[in-house]
Amino acid sequence: MGSDRLGTVFHESFSLSRQSITQIIKTVNQYSKFSNLSQSEREKIFQGQTSLGTRYIKAMPRYAIGTGMIDTRYMLRPLGKFAFNSDQLLDHIGTIWLMHYHLSAPHGPGPTFWNDLVVNRFFTNSIFSGDEISEQIGNFIWKTENKILSERSVRSTATIFLGSYTKPEGLGKLRILEITGSGRYQVRNAIPAPIWAVGYALLDYWQSHYPGRITIGLDTLHDSEFMKLFMLGKADLEAVLLALQEAKYIEFYRSVQPYQIVLLRQDSEPLLKRLYGAN
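Everything numeric in this text was worked out from a predicted model, so none of it was measured.

Brief notes about helix 1 (residues 18-30)
And step 1. In this model, helix 1 (13 residues) spans 19 Å end to end at C-alpha, consistent with the 18 Å of a helix rising 1.5 Å per residue.
And step 2. Among the residues making up helix 1, those that are buried are Arg-18, Ser-20, Ile-21, Thr-22, Gln-23, Ile-24, Ile-25, Thr-27 and Val-28.
And step 3. Contacts from the buried residues of helix 1 go to helix 2 (39-49), helix 3 (54-66), helix 4 (78-86) and helix 5 (93-104).

This is how it looks when you write it as C-alpha cells:
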C-alpha cells in the first residue's frame, strides 16, 4: 500500500481498543459522504457521535484503517461491513485474527514495524523483554527509513504493541502473548484462527504477493510470511486448502510433488459470509 500505510507513531500512545474501533465503524457507516470531508470535519463528527476523547479520536480511526475495517478514504472495507452487520463488538475470534492479519501483513495497511515484530518474534515459547522490542523497533526504523526515533517514541511504540496483544480489550483474546512472572513476554500456543478467516486472508495475500499468477507451489506458501502471520503449521495450512478446495476456490493437486495450488476464483466476500454464518 506504500504511502497508505500507517506511520510508526500513529497510535498517540494508546493501544488498540476494539470497543473504540466499534464506535468509529458505526459512525463511518452513518455518514455516506465521510470520504468527502476534511480531517477536521471528520474529527468533529467523531466528537459528537462517540464517547472518545480528543487523542483517541486521532488514534482510533488509524487503528480502524490498520485493522482492515475502513480504508484511507474512511469508507468501510468488506471486513468492516461484515463486522458491522454480524459482530459489532468485534468479539468474534475470526474478526480479531483478521484485525491482527491486516496490521501484520507485509503489504499493509499496518505500520511496517508491526510486520517486522510479528514475523520475527511470534513463534511459540519465544521470550523477550519490552526493552528488546524497543530496540528492535528503533533499529528497524533506522534501517528502513534512515531515521532515529526519540527514546520516548520508541518506548511508547513498544508499549502500545505489547499492550495491544496482552490487553483483553485489544487482541488479547487471541492468547498469543502473555506477561511472565519476571515481567517479560512469552509467546504461547494461540487460539487457532478459524479456517474461513485464514482462507479470506490467503486470497488477500495471494493477490498482493502473486499477482497475475493462477498457480503457486505449496512450498512457496510454506516458505512465506503468511504461515508466520497466523502461526500455522503445515497441517493447519493443508486443512485450510482442503476447505477452500471444497468451496471451489482452489484446486489442490497432491498426486505428484511439487504439490500445486490453482486459484479458481478471487471474490473473497463469500468467505466472510461463511466465517460469520451468514446465508
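Structural notes on the side chain of Ser-156
And step 1. Assignment of secondary structure puts Ser-156 in helix 8 (residues 151-166).
And step 2. Residues in contact with Ser-156, not counting those within four places in the same chain, are His-11 and Ser-13.

Concerning the sheet that holds strand 5 (residues 250-253)
And step 1. Taken in spatial order, the three strands of this open sheet run 4-6-5, and their pairing is antiparallel. Single-partner strands in this sheet number two, and they are strand 4 (215-217) and strand 5. Averaged over all neighbouring strand pairs, the angle between strand axes comes to 20°, with direction disregarded.
And step 2. Looking at chain direction, strand 5 and strand 6 (residues 260-263) are connected through four bridges and run antiparallel. By the bridge assignment for strand 6, Ile-250 is matched with Leu-263.
And step 3. Relative to the sheet, helix 12 (residues 234-246) contacts strand 5 and strand 6, its axis offset from that of strand 5 by approximately 130°.

Let's talk about the pairing of strand 5
And step 1. Of the two faces of strand 5, the one holding Ile-250 and Phe-252 is buried and the one holding Glu-251 and Tyr-253 is not buried anywhere.
And step 2. Where strand 5 folds back on strand 6, the antiparallel hairpin that results is connected by six residues.

Procedures and definitions
Residues numbered from 1 in each chain as written. Predicted model: local features only at pLDDT ≥ 70, side-chain atom pairs only at ≥ 80, totals over all residues. Heavy atoms only, no water. Helix = DSSP H or I, 4+ residues; strand = E, 2+ residues; numbered from the N terminus. Expected span 1.5 Å × (residues − 1). Buried < 20%, exposed > 50% of the residue type's maximum accessible area, 1.4 Å probe, protein only. Contact = heavy atoms within 4.5 Å. Pairing = 2+ DSSP bridges. Axes fitted to C-alpha atoms, helices over the stretch in contact; angles between N-to-C directions.

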